[in-house]
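Analysis of the macromolecular model
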Amino acid sequence: MENSQMEISRVEAQSQCIVQPYAWGDAVWHVWSARQSAQQGAEASNIEATSNATPRALVLLHGGSGSWTHWLRNVEHLAQHRAVWALDIPGFGDSSLPSGVSDADGLVPYLAEILAHSFNGKAVDVMGFSFGGMTAGLVAAEYPNLIRQLILVGVPGLGLFGKELPIRGMTPDMDEEAQRKVHRHNLNAMMFAHPDSVTREVIDLQQTNVARDRLRRRRIARTDVLARASTHWTCPVHGVWGACDALYQDTLPQVPTVLPQMSSFHVVPEAGHWVMFERPDEFHAAVDPLLQC
């Protein structure tokens, strides 16, 4: 656990932790300021960077059973040019679970409230992975004024899932070693294309995130809820998927057909579902041009 925690601590130390209290509980952000671009802008004009020159915020939403650490290998790169706001979605990580919420559709008004409060009602760019992307897509449909541009990363809710993945569960009698074997199996079955991607450090990270997941009975990901909601999108939408995404084994080519509103669709070779973690450089090459828009 030590190496994993050291890396998380190193990246986290560069961020500001913002805890926002709401009537339903706390929303927790980690924010990385856009150091390089603001500095370059000031040097180019030979004056101090003004608020008008401040790079736009980029909101990151993690996947199910995750936290901001789903973006551990990406936030430093993205913060070179954007102010990065990585949220622990309510019910995950350090954020509270609103009473009565059991799935992404129930989170929509709460996420809308968080975005409106955090950015004074101004539309922001949002990049959402898996469950987080599905939730963001639902928000974009109901609250189009809050999202300026949406980047979907391996999202569910398109009605394209095939056979059930061989995911294993935990039992009360399992010791630490047995639990870690289950995590290794599940990461290989769902999240990654290559077995060597599942290191001890990745298992540490997964173990910590799963322990803080309070929305484990999620079901709508297997429906076409996002595909139906997409007809109400008004902002530009882009898609980035791993070529070996286990959730789309035989249906990946159908994604643009189900989501014809997307302006672009990028497939990262040799990457599984957790594409931005398994192939960060290739992922950045796909999203960097989108974030310049």
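Note that this is a predicted model, so its numbers are computed, not measured.

Scoring rules and cut-offs
- Residues numbered from 1 in each chain as written.
- Predicted model: local features only at pLDDT ≥ 70, side-chain atom pairs only at ≥ 80, totals over all residues.
- Heavy atoms only, no water.
- Helix = DSSP H or I, 4+ residues; strand = E, 2+ residues; numbered from the N terminus.
- Areas by Shrake-Rupley, 256 points an atom, 1.4 Å probe, with all protein chains shown as cover.
- Lys, Arg positive; Asp, Glu negative; His and termini not counted.
- Charge placed at Lys NZ, Arg CZ, Asp CG, Glu CD.
- Axes fitted to C-alpha atoms, helices over the stretch in contact; angles between N-to-C directions.
- Parallel < 35°, antiparallel > 145°, perpendicular 65-115°, else oblique.
- Contact = heavy atoms within 4.5 Å.
- Nonpolar A, V, L, I, M, F, W, Y, C, P; charged D, E, K, R; others polar.
- Buried < 20%, exposed > 50% of the residue type's maximum accessible area, 1.4 Å probe, protein only.
- Pairing = 2+ DSSP bridges.
- Core = buried A, V, L, I, M, F, W, Y, C linked by side-chain atoms within 4.5 Å.
- Phe/Tyr/Trp six-rings, centres within 6.5 Å; stacked < 30°, edge-to-face > 60°.
- Salt bridge = Lys/Arg side-chain N within 4 Å of Asp/Glu carboxyl O.
- Expected span 1.5 Å × (residues − 1).

**Quick look at the overall build of the chain**
In terms of regular secondary structure, the chain is built from eleven helices and eight strands. If you line up the chain on its principal axes, its C-alpha atoms span 60 × 45 × 45 Å. Per element, the accessible surface of the chain, about 13,100 Å² overall, is 51% carbon and sulfur. Counting 22 positive and 31 negative side-chain charges, the chain places the centres of these two groups 3 Å from one another.

**Considerations on the packing of helix α6 (residues 176-191) against helix α7 (residues 200-211)**
Remark: α6 packs on α7, axes separated minimally by 10 Å, with the N-to-C direction vectors making an angle of 100°. Between α6 and α7, the angle falls in the class roughly perpendicular. Taken together, the residues of α7 that come into contact with α6 (itself represented by Glu176, Gln179, Arg180, His183, Arg184 and Leu187) are Arg200, Val202, Ile203, Asp204, Gln206, Gln207 and Val210. In terms of residue class, the contact of α6 with α7 is made up of four nonpolar, four polar and five charged.

**Re unusual backbone geometry**
Even without a glycine there, the phi angle at asparagine 120 is positive, about 55°. Of note, asparagine 120 is situated in the loop between α4 (104-118) and β5 (124-129). Residue class for asparagine 120 comes out exposed when judged on its relative accessible area of 68%. Despite not being glycine, serine 130 shows a phi value in the positive range, around 50°.

**Let's talk about the pairing of strand β1 (residues 16-22)**
Sheet topology places β1 next to strand β2 (residues 25-32); seven bridges connect them, and they run antiparallel. Directly across from glutamine 16, in β2, lies its bridge partner valine 31. Here β1 folds back onto β2, and the loop between the two strands holds two residues.

**With respect to the nonpolar core**
Counting residues in hydrophobic clusters, the biggest one holds 58 residues, and the most contacted among them are Trp29 and Leu115. Aside from chain neighbours lying at most four places away, what touches tryptophan 29 is Gln16, Cys17, Ile18, Gln20, Val59, Trp85, Ala86, Leu87, Ile114, Leu115, Ser118 and Phe119. Leu60, Leu72, Ala286 and Leu290 belong to the second largest nonpolar core, which has 36 residues in total.

**What about the pairing of β2?**
Of all eight residues in β2, seven are buried; the element is thus mostly enclosed. Here five bridges tie β2 to strand β4 (residues 83-88), and the two strands are oriented antiparallel to one another. Residue pairing across strands places valine 28 opposite aspartate 88, the latter belonging to β4.

**Digging into the packing of aromatic side chains**
Here the structure, examined in full by the defined rule, presents 13 aromatic pairs. Plain terms: the ring middles of phenylalanine 161 and tyrosine 248 are 5.7 Å apart, the flat faces sit at 85° to each other, and that makes the pair edge-to-face. In this pair, phenylalanine 161 is assigned in the loop between β6 (147-153) and α6 and tyrosine 248 in the loop between β7 (237-242) and α9 (255-258), connecting sequence segments 87 residues apart. When its relative accessible area of 1% is taken as the criterion, tyrosine 248 is described as buried.

**Looking at the packing of α4 against helix α5 (residues 131-142)**
Orientation of α4 relative to α5, taken along the N-to-C sense of each, is 70°, at an axis distance of 9 Å. With respect to α5, the axis of α4 lies roughly perpendicular. Of α5, the residues touching α4 (which contributes Ala104, Asp105, Leu107, Val108, Leu111, Ala112 and Leu115) are Phe131, Met134, Thr135, Leu138, Val139 and Glu142.

**What about the pattern of salt bridges?**
A pair can form between side chains of opposite charge whenever their charged atoms are brought close. Evaluation of the coordinates by the stated rule reveals ten salt bridges. Residue arginine 212 pairs with aspartate 94 through a salt bridge whose shortest N-O separation is 2.8 Å. You can see arginine 212 sitting in the loop between α7 and α8 (225-229) and its partner aspartate 94 sitting in the loop between β4 and α4, a full 118 residues away along the chain. Among the residues examined, arginine 212 registers a relative accessible area of 24% and is labelled partly exposed. Given the relative accessible area of 46%, aspartate 94 is considered partly exposed. A cluster of three or more residues bridged by salt bridges with shared partners is formed by Glu7, Arg10 and Glu76.

**Structural notes on α6**
With 16 residues, α6 should reach 22 Å at 1.5 Å per residue; the first-to-last C-alpha distance of 21 Å fits that figure. Turning to α6, its buried residues number three or more, namely Arg180, Val182, His183, Asn186, Leu187, Ala189 and Met191. Where α6 is buried, its residues touch β5, α7 and α10 (275-278).

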